[in-house]
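Chain and residue survey
So the chains spell out like this:
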Amino acid sequence: MNPLRKAYCRTFQTVFKIALPFLPYRTPEIVGSVKKLPDIIKNKKCSNVLIITDSGIIKLGLTKRLEQTLAEHNLPYTIYDKTVVNPTTANVAEALELYHKNGCDAIIGFGGGSSMDCAKAVGARIAKPKQSLAKMKGILKIHKKLPLLIAVPTTAGTGSETTLAAVITDAETRHKYAINDFSLIPEYAVLDPKVTVSLPPSITATTGMDALTHAVEAYIGNSTTYGTRKNALMAVKLIFENIDNAYTNGTNVDARRNMLHASYYAGCAFTKSYVGYVHAVAHSLGGEYNVPHGLANAVLLPHVLEEYGESIHKKLYKLAIAAGAAEKDTPVEQAAAAFIDAIKEMKMRFGIGNTIHEIKEEDIPKLSYYADKEANPLYPVPVLMTAKDLEKFYYMMMNEDTLPDTNHLTSK
């Protein structure tokens, strides 16, 4: 990266870090069960709910407890269940039409990150009806209060129930972008393990590793605070202690509950301290090929950590201790390697490989351009990389035997 752009990125990040204590971050109030929602909705003077979810959630019957609870309390509701893996502007438009058509005044995002992101984007369009989502792209473009927004995560991974971000894909161009504003943080996060027990092992694994990626990228970045470091370490500890139990025995309610809390802590960490190049590259893959976000993060995470090199060894040492991958007297470099190895071993146990077969070589310049635009200057990464530098990761995921010579990643 040329010196001027490097200076701009680091200055931008430093200003944000200095501003962190003064920004209106808030954490959603935790609710332990969907059965508590009717009282909350009525106390907020709301009377008609739009539930935004996806067809898979409906087929699994996960919304039934919520539907029954709302019906028992005479709260009418409408369900939008067409949200796709990477929610599009078309999804938002359809759900928004249902909201207005049925006279709704509250929104529940029920599902994984896609459903919650769609719900946030619908709320943003309600708050600013004359502005397109594309014009909300970036940071702090909404400025207005959303309708009552409640998040019910059915996966323990995205952390979207805690964050100020909604990631949306343009239905026509397939460009994936983030909308970031404090008003997008849900008022309530329902961490109900009973809605996660029927998740398939593969989704349990990839969403759990998504949460791990959030915690790790937040922790190794340059804009951490005492609170975000504490949240990230707690998330890593809980994930390593519980993800295998949740994967092998999905009905283990304690493991499911702990994974939900891990995802919540990781979300709190990266909401303030941001993520890094793992997410930037993963978002480009989701936008172009609909690659599930958690899968892309899981594939990428150890490779990006290795590329950062010794710049993050001291931080990986602390993460390794939290994960139980190293002892306090383990040498720093050895502990860092042990932590990366523990992630690789986790991937192997869950049958997650190192390739994304959808990647086409001719798309790589465009994909790396999108990743660069997302990450720089916003993400306070340990080592700065350009779009050209980021191409290495796409080649790596295409086929590990066709890596180009990119041993020039020396920017700090």
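Predicted, not measured: the structure shown is a model, and the values here were computed from it. (Residues numbered from 1 in each chain as written. Predicted model: local features only at pLDDT ≥ 70, side-chain atom pairs only at ≥ 80, totals over all residues. Heavy atoms only, no water.)

**With respect to the pairing of strand β4 (residues 106-111)**
We apply this condition: Partly exposed residues are those whose accessible area sits between 20% and 50% of the maximum for their type, while under 20% is buried and over 50% is exposed, using a 1.4 Å probe and protein chains only. In this description a helix means any DSSP run of H or I spanning at least four residues, a strand means any run of E spanning at least two, and both kinds are numbered starting from the N terminus. Should DSSP find at least two bridges between two strands, the strands are taken to pair.
Burial analysis of β4 places six of its six residues in the buried class, the great majority of the element. Of the strand pairs in this sheet, strand β2 (residues 49-52) and β4 are connected by four bridges, and their pairing is parallel. Along β4, the bridge assignment pairs I51 with I108. Where β4 lies against strand β6 (residues 148-153), six bridges are found, and the strand directions are parallel. Counterpart to G109 in the pairing with β6 is A151.

**Structural notes on unusual backbone geometry**
Cis geometry marks the peptide bond from N376 to P377; its omega dihedral reads 15°. Mapped onto the elements, P377 comes out in the loop between α14 (364-375) and α15 (387-398). Of note in this structure, K45 is not a glycine but carries a positive phi near 65°. Relative to the elements of secondary structure, K45 occurs in the loop between α2 (37-43) and β2. K45 gets classed as exposed once you look at its relative accessible area, which sits at 73%. Despite not being glycine, H143 shows a phi value in the positive range, around 65°. Here H143 lies in the loop between β5 (138-139) and β6. Accessibility expressed as a relative area gives 61% for H143, which makes it exposed.

**Notes on the packing of helix α8 (residues 226-248) against helix α12 (residues 313-323)**
Relative placement of two packed helices is described by the angle separating their axes and the distance separating the axes. Worth spelling out the cut-off: The convention used is that axes are lines fitted to C-alpha atoms, helices contributing only their stretch in contact, and that angles between N-to-C directions extend from 0 to 180 degrees. When an angle is under 35 degrees it counts as roughly parallel; over 145 it counts as roughly antiparallel; between 65 and 115 it counts as roughly perpendicular; any other value is oblique. Crossings are classed by handedness, with left-handed meaning an anticlockwise turn of the near helix from the far one by less than a right angle and right-handed meaning a clockwise turn. Contacts: residue pairs with any heavy atoms within 4.5 Å of one another.
Between α8 and α12, whose axes approach to 8 Å, the crossing angle comes to 40°. Regarding the angle of α8 to α12, the classification is oblique. With respect to the hand of their crossing, α8 and α12 are arranged in right-handed fashion. Touching L233, V236, K237 and F240 of α8 are K318, L319, A322 and A323, all from α12.

**Let's talk about the packing of aromatic side chains**
Selection rule: Side-chain rings of Phe, Tyr and Trp, where Trp is taken by its six-membered ring, are said to pair if the distance between their centres is within 6.5 Å; with planes under 30 degrees apart they count as stacked, over 60 as edge-to-face, and otherwise as tilted.
A complete count under the given rule lists nine aromatic pairs for this structure. Ring geometry for F12 against F16: centres 5.2 Å apart, planes inclined by 25°, an arrangement best described as stacked. Residue F12 and its partner F16 are located together in helix α1 (residues 3-19), separated by four residues, close to a single helical turn. By relative accessible area, which is 23% here, F12 ends up partly exposed. A centroid spacing of 6.4 Å and a plane angle of 35° characterise the contact between Y274 and Y379, whose relative ring orientation is tilted. Pair noted here: Y274 is in the loop between α9 (253-273) and α10 (277-289) and Y379 is in the loop between α14 and α15, with a separation of 105 residues, a long-range link. Overall, Y274 belongs to the buried group, its relative accessible area being 10%. Given the relative accessible area of 6%, Y379 is considered buried. Members of the aromatic cluster, connected to one another through ring pairs, are Y8, F12, F16, Y274 and Y379.

**Here we look at the state of the cysteines**
Condition: To count as a disulfide, a pair of cysteine sulfur atoms needs to be within 2.5 Å.
Per the counting criterion, the structure on display carries zero disulfides. Considering cysteine sulfurs only, C104 is the nearest to C46, which forms no disulfide, with 10 Å between them. Look at C46 and you get buried, because its relative accessible area is 11%.

**Examining the nonpolar core**
Selection rule: Grouping buried Ala, Val, Leu, Ile, Met, Phe, Trp, Tyr and Cys residues that are joined through side-chain atoms within 4.5 Å yields what is termed a nonpolar core.
Ranked by size, the top nonpolar core spans 89 residues in total, and within it V236, L285, L305, Y308 and F339 carry the most contacts. Not counting residues within four places of it along the chain, the set of residues in contact with V236 comprises L212, A215, V216, L319, A322, A323 and F339.

**Some words on the confidence of the model for the chain**
Going by this rule: Summary of the metric used: pLDDT quantifies the predictor's per-residue confidence within the range 0 to 100.
On average, residues of the chain score 94 in pLDDT, and 97% of them reach the 70 mark or higher. Across residues 401-412 the pLDDT falls below 50, and counting only partners more than four positions away or on other chains, this stretch makes 19 contacts in the model.

**Here we look at the environment of L96**
With respect to the helices and strands, L96 occurs in helix α5 (residues 89-101). Residue classification places L96 among the buried positions, given a relative accessible area of 10%. Remark: the alpha-carbon pair of L96 and C118, spanning 22 residues in sequence, is separated by 9.8 Å. Beyond its immediate sequence surroundings of up to four residues, L96 is in contact with V122, R125 and I126.

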